[in-house]
Amino acid sequence: IELFKIAGTAPETNFLFLGDYVDRGYYSVETVQIVLALKVRYPTRVTIIRGNHESRQITQVYGFYDECLRKYGSANVWKLITDLFDYLPLSALVNNQLFCPHAGLSPGLDTISSIDTLTRFEEVPHEGPMCDILWSDPDERSGWGVSPR
């Protein structure tokens with residue numbers, strides 16, 4: 001809610017949300033629901049992409065799964081939301097100039113348009129271009145390397 005006090009609200013303001021809507025505190029369910037509701041209400045003004053926490057495995061480790069069980073008494077809401085995560089885009093392109101992935105680049109992708117060829121309707125794999133886009137972090141080393149995370 002603080003974001004909207006500072007930036008303004010849709011539809012007056014465009015928003016690009018870069019992922020990690022869950023596993024960030026006690027209100028992950030409410031946070032992801034607000035972001036999804038904004039996307040449904042203002043589809044051309046709100047863009048959402050998938051982050052590394054939009055994953056079944058990660059949410060079971062970092063709290064979203066437990067939060068859903070605590071608040072709803074079953075895993076049904078968790079399952080529906082994590083199934084929806086599979087449909088989120090892996091990156092956004094602003095004004096055909098600014099490439100916006102959740103994390104970074106991948107040596108397995110030669111062009112931005114090659115992201116469209118990835119099979120994103122699945123759990124985040126442990127390696128490969130989809131994993132790289134969601135998990136790669138900037139580093140002082142030159143070239144490509146395996147992330148310690």
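Residue indices follow the written sequence of each chain, beginning from 1 at its first position. Restriction of local features to residues with pLDDT of at least 70 applies here, the model being predicted, together with a cutoff of 80 or more for giving and counting side-chain atom pairs; totals for whole chains, interfaces and linings are based on all residues. Where side-chain values are given, they derive from all heavy atoms of the structure, hydrogens and water being excluded.

(A) Fine view of the packing of helix 2 (residues 28-41) against helix 4 (residues 64-72). Remark: helix 2 packs on helix 4, axes separated minimally by 9 Å, with the N-to-C direction vectors making an angle of 95°. Accordingly, the angle class assigned to the pair helix 2 and helix 4 is roughly perpendicular. Mapping the contact onto sequence places Ser28, Val29, Glu30, Val32 and Gln33 in helix 2 and Phe64, Glu67, Cys68, Lys71 and Tyr72 in helix 4. In this classification, Asp, Glu, Lys and Arg are treated as charged, Ala, Val, Leu, Ile, Met, Phe, Trp, Tyr, Cys and Pro as nonpolar, and every other residue, Gly included, as polar. Partitioned by chemical class, the residues of the contact of helix 2 with helix 4 number five nonpolar, two polar and three charged. Here the axes come from fitting lines to C-alpha atoms, over the contacting stretch only for helices, and the angles between their N-to-C directions go from 0 to 180 degrees. The numbering of helices and of strands both runs from the N terminus, where a helix is a DSSP run of H or I of at least 4 residues and a strand a run of E of at least 2. Angle categories are assigned with fixed cut-offs, so that under 35 degrees is roughly parallel, over 145 is roughly antiparallel, 65 to 115 is roughly perpendicular, and the rest are oblique. Pairs of residues are marked as contacts when any of their non-hydrogen atoms sit within 4.5 Å.

(B) View of the pairing of strand 4 (residues 98-101). The sheet contact formed by strand 3 (residues 91-94) and strand 4 spans four bridges and is antiparallel. What sits directly across from alanine 92, in strand 4, is cysteine 100. Between the end of strand 3 and the start of strand 4, which pair antiparallel, lie three residues, with asparagine 95 showing a positive phi angle near 50°. Following DSSP output, two strands are said to pair if at least two bridges run between them.

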